[in-house]
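For reference, the chains in residue letters:
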Amino acid sequence: MAIFCTDQTKILIQGITGRDGSFHAKSMLGYGTNIVAGVTPGRGGQTFEGKVPVFDTVKDAVAATGAEASVIFVPPAGAAGAVFEAADAGCKLVVCITEGVPTLDMVKVMPYLAERGVRLVGPNCPGFINPGQKAKLGIMPTNIVAPGPVGLISRSGTLTYEVVDALTRAGLGQTTCLGIGGDPVIGTNFMDALQAFHADPATQALVMIGEIGGDAEERAADFVKANMKIPVVSFIAGRTAPPGKRMGHAGAIVSGGAGTAAEKKKALESAGIPVADRPADVVPLLQQIWKR
Amino acid sequence: MNIHEYQAKDLFRDAGLTVPPGGIATTVEEALSLARGLGLPVMVKSQVLAGGRGKAGGVKFCKTEDDVRTHAGNILGMDIKGHTVRKVLVTPAETIAAEFYLGMLVDRASRRVLLMASAEGGVEIEKVAVEKPEAILKHAIDPRFGLLDHEAMAVALRLDPDVKRARQLADAMQKLYKAFLAADASLAEINPFIFTDQGVGKAIDAKINLDDNALFRHPGFAALRDLDEENPSERMAREADLSFVKLDGNVGCLVNGAGLAMATMDLVQYYGGRPANFLDIGGSSNPDKVVNALRIILGDPNVEVILFNIFGGITRCDDVARGIIAATERMEIKVPIVVRLTGTNEAEARELLAKTDLVGAATMDEAVQKALELAGK
């Protein structure tokens, strides 16, 4: 198993005919992801890649195909609107890839999702991939993953790939590789993801890739210490980041002396989670503490 | 994007908050004429995008015109945490009977706008948060309903039991929320919100940070950007749509992805070097973007070596290599360049690089070590 979806989950893509949407939809299809529909207003009735029906609205797509999950590739100004639409149409899982979404738009979306029991991943994230189910909801490269027992949570994109690649090369496949996104307000946070991995019996070890800003890693450390028996290792990016500067991700900022890499490392280590000094040390560290 | 106190005060006024009048001066003469117009005593306040202005001597009380001359003269041109003061706000000095802190920010944990309020006004709130966290009252605002009257009043009465003053505080909180939403802020603070001897509540300081992601729907805010406050290389990067932060080392870094870019800087430091910058070049192999990035980095005379760290992922490495080669051929570059490319088609990419002067590397660690060996050679 893995988290959030199975090979049976029916997936639709909002913005499937756009530049990014069509590019990544092809890659998702090529991997074997169960994509049943696409949505682009004004393109209803068309077919994507000769096999995926396109609808004008998410509601139409859900009614015709029974889609349960949506992956959003819509420009920033319309991204929150797309999340509302997916939730309103009954999708219980929404993955928003879009980067640059205004933070207050996401603040507005959150209670609407909570009332409807909808899980949001992102925005500004690479989504997730379940190699064992050939399910990819997002933009992660498929050639670096492999099925296996390791779960991975990250706030980053390419840094995640770096570590996933190292895991796969070391023969450590993955249940789910999840990028939760680099924005301050995101749907699924570190803690939510940890709980999901904790409930997944197939995940036998866990890698957490954090970065400066906020206190999600600290809170995750408390959860791991209190609840989890499986080996967990971590890496935190941004030790050299100057305070008060936004390091690309809107959420990656040390403010008022809080959210530093040093604080996070301390919290993680005091919870018994080893923190790698370099990305290349993550896998050896995991192998060291993982008694199989 | 951060804006000045006087600009934040304008946004506060638009939301209906009571803010003392004032004007901006760039010379002592202008400061004097403003002081005469407003009537003495006045405050002369440096306008720089840095905290701790008061502590640095950048905020002064002026009883006489001579005081204005002296203090405006000292403050204009003063350096506050690396920022040169180019303008001062001249505003009436208020009598202060009581002062409070009122602030709002986007709270990651509750995923809401969080109201923070404290009777410990006028001091650094970060300090209060550490030393006396119980002195800060918090309320997470439900975005569906806003800050309701009774919610604001409940916080206000805990700040000040005097009901007349509490009503003014509650009203100020609601207007602060209105300003926060109207500006798409990420942070808004009144520190302090004061009551005068006559019991009139006023916001005598103002701070607003704007959400960069929302600037597209506030075209008017472009005019608020103080280009003098921006590092020239950071300005070039912003105009080229690159995410860049200048640092003071000698290893210029071009990386795809923010997390990997931070990890690359960290690795440079791990091996005893110092990164010259943070730069996320994104997933594109477009030579124009690479040229822009190289121009920005090479504009820094400290840079002695360039380090590309690209995790190809879906982007094909040979495409990226072609982009880097095309870009480096279009400009004269005197410092060595180390390129680490991995992912799809990395073998082809390495073959392409082998035909150039660029130094190839297979891993992040190897690339950083090679860059540090080459720095300064």
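Here, the structure is the one placed above.
Structural notes, computed from the coordinates. (Residues numbered from 1 in each chain as written. Chains lettered and ligands numbered in written order. Predicted model: local features only at pLDDT ≥ 70, side-chain atom pairs only at ≥ 80, totals over all residues. Heavy atoms only, no water.)

Considering the pattern of salt bridges
With the rule as written, the count across this model stands at 43 salt bridges over all chains. It is possible to trace a salt-bridge network through shared partners that takes in Glu115(A), Arg116(A), Arg112(B), Asp142(B) and Arg144(B). (Salt bridge = Lys/Arg side-chain N within 4 Å of Asp/Glu carboxyl O.)

Observations concerning the interface of chain A and chain B
Taken together, the contacts link 63 residues of chain A with 46 residues of chain B. Regarding the contact of chain A and chain B, the summed buried area is about 4,100 Å², with carbon and sulfur atoms giving 60% of it. For the interface between chain A and chain B, the tally reads five salt bridges. Across the salt bridge formed by Arg278(A) and Asp365(B), the nearest N and O atoms sit 2.6 Å from each other. At the junction of chain A with chain B, the criterion picks out 14 residue pairs in polar contact (both at pLDDT 80 or more). Secondary structure elements with two or more residues in the side of chain A that touches chain B: helix 1 (19-31), helix 4 (103-116), helix 5 (158-169) and strand 13 (232-237) of chain A. Top element by residues in the side of chain A that touches chain B is helix 4 of chain A. It accounts for eight residues. (Contact = heavy atoms within 4.5 Å. Buried area = accessible area lost by both parts, 1.4 Å probe. Polar contact = N/O pair within 3.5 Å; in protein donor to acceptor, adjacent residues only side chain to side chain. Helix = DSSP H or I, 4+ residues; strand = E, 2+ residues; numbered from the N terminus.)

A short note on the side chain of Asp105(A)
Residue position: Asp105(A) is located in helix 4. Here the side chain of Asp105(A) touches Arg217(B) through a polar contact of 2.6 Å, side chain to side chain. Apart from residues lying up to four places away in sequence, Asp105(A) is in contact with Ala80(A) and Arg217(B).

Some words on the nonpolar core
By size, the foremost hydrophobic cluster in this structure holds 101 residues, and its most contacted members are Leu137(A), Val207(A) and Met208(A). In terms of residue count, the dominant contributor to this core is helix 8 (residues 258-270) of chain B (eight residues). Non-local contacts of Leu137(A), meaning those with residues more than four positions away in its chain, are made with Cys5(A), Ile11(A), Met28(A), Ala69(A), Val71(A), Leu93(A), Val95(A), Ile97(A), Pro126(A), Gly127(A) and Phe128(A). Val118(A), Ala8(B), Ala156(B) and Phe193(B) belong to the second-largest nonpolar core, a separate cluster that totals 77 residues. (Core = buried A, V, L, I, M, F, W, Y, C linked by side-chain atoms within 4.5 Å. Buried < 20%, exposed > 50% of the residue type's maximum accessible area, 1.4 Å probe, protein only.)

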